[in-house]
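# Fold and geometry: a report
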Amino acid sequence: MKFGGFIECSFNDWPDRLCCVAFVKGCNMRCRYCHNPDLVNGTGPEYTEEEILEKIKKLDGKLNNLCLTGGEPLIYGSKAVKDFCKKVKEINSDFKIKLDTNGISPKELDEVLYEKTIRKTKKGVTGYTVIKNGLVDYVALDFKAGSYIEYNKLVKTDTNKLMFNSIPFVVMETLCCLLKSDIPFEIRTTVIEGFHKKEELDFMYRLISNGLSKRKEDVTCYIQKYRPEVTLDADKEWKTPSDE
């Protein structure tokens, strides 16, 4: 994986935890309000995986929580993400890892969270044994809009049109992957004044409310305020919402 930055200590990237943050380069979406355009475009400084791991080693004994974010970590594939997480856990088995994702890579997320072993008999394959691999301890899932029409206004993507039209359904597939697990997670929405209307937010809540009712204890929904200072391609009319 290619990395674009590292923060030794953050109070904002993991609820109720102090963590270091590793930012990967690259993303398969182009959210117009994104406040990390250098990471999305692949510009700016670059660090190797070994350099990031060395930074994490220096924190061993001082900090044992890591947020892996971006960009989008899952664009590198499940094997690369798992291998990196394993190396972090090898530094200290007590290290906890939070994974941030935009939600359009459900297959890769499922492969990161679980190991599947084929069960075989003399008659052939009989199925799979699914075991949680314990590499990721918390997940943050972005939920940007409730329909592909709204996504189309908010996000540019390097995927094809068919995939783009199905993005809300793919995000729901990712949510189902998390709901079937026992891994705590959060769903977060960046709210923009001048874009998000109350009706849209109500619709988004209805989409996820049935599933979340089964996991009230360890699932949290967060509203993030849009930050206009540095963005990828935001409308000038978009503003930070008030506290009201």
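This text follows the structure it describes.
First things first, this report covers the structure right here in the doc. All figures in this text were calculated on a predicted structure; none of them were measured in a lab. (Residues numbered from 1 in each chain as written. Predicted model: local features only at pLDDT ≥ 70, side-chain atom pairs only at ≥ 80, totals over all residues. Heavy atoms only, no water.)

Turning our eyes to something else, we now look at the overall build of the chain. A tally of helices and strands in the chain yields eight helices and eleven strands. Radius of gyration (C-alpha) of the chain: 19 Å, near the 18 Å computed for a compact globule of 244 residues. If you line up the chain on its principal axes, its C-alpha atoms span 60 × 45 × 35 Å. Looking at the chain as a whole, 46% of its 244 residues qualify as buried. Across the chain, every contact between residues at least 6 apart in sequence was considered, and the portion connecting residues at least 24 apart equals 72%. (Helix = DSSP H or I, 4+ residues; strand = E, 2+ residues; numbered from the N terminus. Rg over C-alpha atoms; globule rule 2.2 N^0.38 Å. Buried < 20%, exposed > 50% of the residue type's maximum accessible area, 1.4 Å probe, protein only. Contact = heavy atoms within 4.5 Å.)

With respect to the helices, strands and loops of the structure, N102 is situated in the loop between strand 5 (96-101) and helix 4 (106-113). Among the polar contacts made by the side chain of N102, one reaches the side chain of N28 at a distance of 2.9 Å. Each residue touching N102, except ones within four places of it in the same chain, is listed here: C27, N28, M29, E72, L141, D142, K144 and V171. (Polar contact = N/O pair within 3.5 Å; in protein donor to acceptor, adjacent residues only side chain to side chain.)

Next up on the list: the environment of D94. Mapped onto the secondary structure, D94 falls in the loop between helix 3 (78-91) and strand 5. The exposure class assigned to D94 is partly exposed, which follows from its relative accessible area of 47%. For the pair formed by D94 and N64, sequence separation is 30 residues and the distance between their alpha carbons is 6.6 Å.

Once that is clear, we can look at the packing of aromatic side chains. Scanning the entire structure with this criterion turns up four aromatic pairs. When the centroid spacing of 5.3 Å and the interplanar angle of 40 degrees are considered together, the rings of F3 and F84 count as tilted. In this pair, F3 sits in strand 1 (residues 3-10) while F84 sits in helix 3, placing the two residues 81 residues apart along the sequence. Residues Y226 and W238 carry aromatic rings whose centres are separated by 6.3 Å and whose planes lie at 90 degrees to one another, so their mutual orientation is edge-to-face. Here Y226, found in the segment after strand 11 (219-225), pairs with W238, found in the segment after strand 11; they are twelve residues apart in sequence, far enough to count as distant. The buried category is assigned to Y226, whose relative accessible area is 2%. Overall, W238 belongs to the buried group, its relative accessible area being 6%. (Phe/Tyr/Trp six-rings, centres within 6.5 Å; stacked < 30°, edge-to-face > 60°.)

Here we come to the packing of helix 7 (residues 167-179) against helix 8 (residues 198-212). For any two helices packed against each other, one specifies the inter-axial angle together with the distance between the axes. It is the contact of helix 7 with helix 8, at a shortest axis distance of 11 Å, that shows an interaxial angle of 20 degrees. With respect to helix 8, the element helix 7 is oriented roughly parallel. Here helix 7 and helix 8 pass one another in a crossing that is right-handed. From helix 7, M172, L175 and L179 reach across to helix 8, where they touch L207, I208, G211 and L212. (Axes fitted to C-alpha atoms, helices over the stretch in contact; angles between N-to-C directions. Parallel < 35°, antiparallel > 145°, perpendicular 65-115°, else oblique. Left-handed = near helix turned anticlockwise from the far one by under 90°.)

What follows covers the nonpolar core. Core analysis: the biggest nonpolar cluster contains 60 residues, and I56, F84 and L113 have the highest contact counts within it. Ranked by residues supplied to this core, first place goes to helix 7 with seven residues. If sequence neighbours within four positions are ignored, F84 has contacts with M1, F3, E49, I52, L53, I56, L66 and L68. (Core = buried A, V, L, I, M, F, W, Y, C linked by side-chain atoms within 4.5 Å.)

Where the residue is not glycine, phi is negative for most of them; where a peptide bond is considered, it is trans in most cases. Put simply, G70 and G71 share a cis peptide bond, and its omega is 15 degrees. Mapped onto the fold, G71 is located in the loop between strand 4 (65-69) and helix 3. For D16, which is not glycine, the phi dihedral falls at a positive 65 degrees. Assignment of secondary structure puts D16 in the loop between strand 1 and strand 2 (19-24).

Without other data, these values stay purely geometric and don't point to any function.
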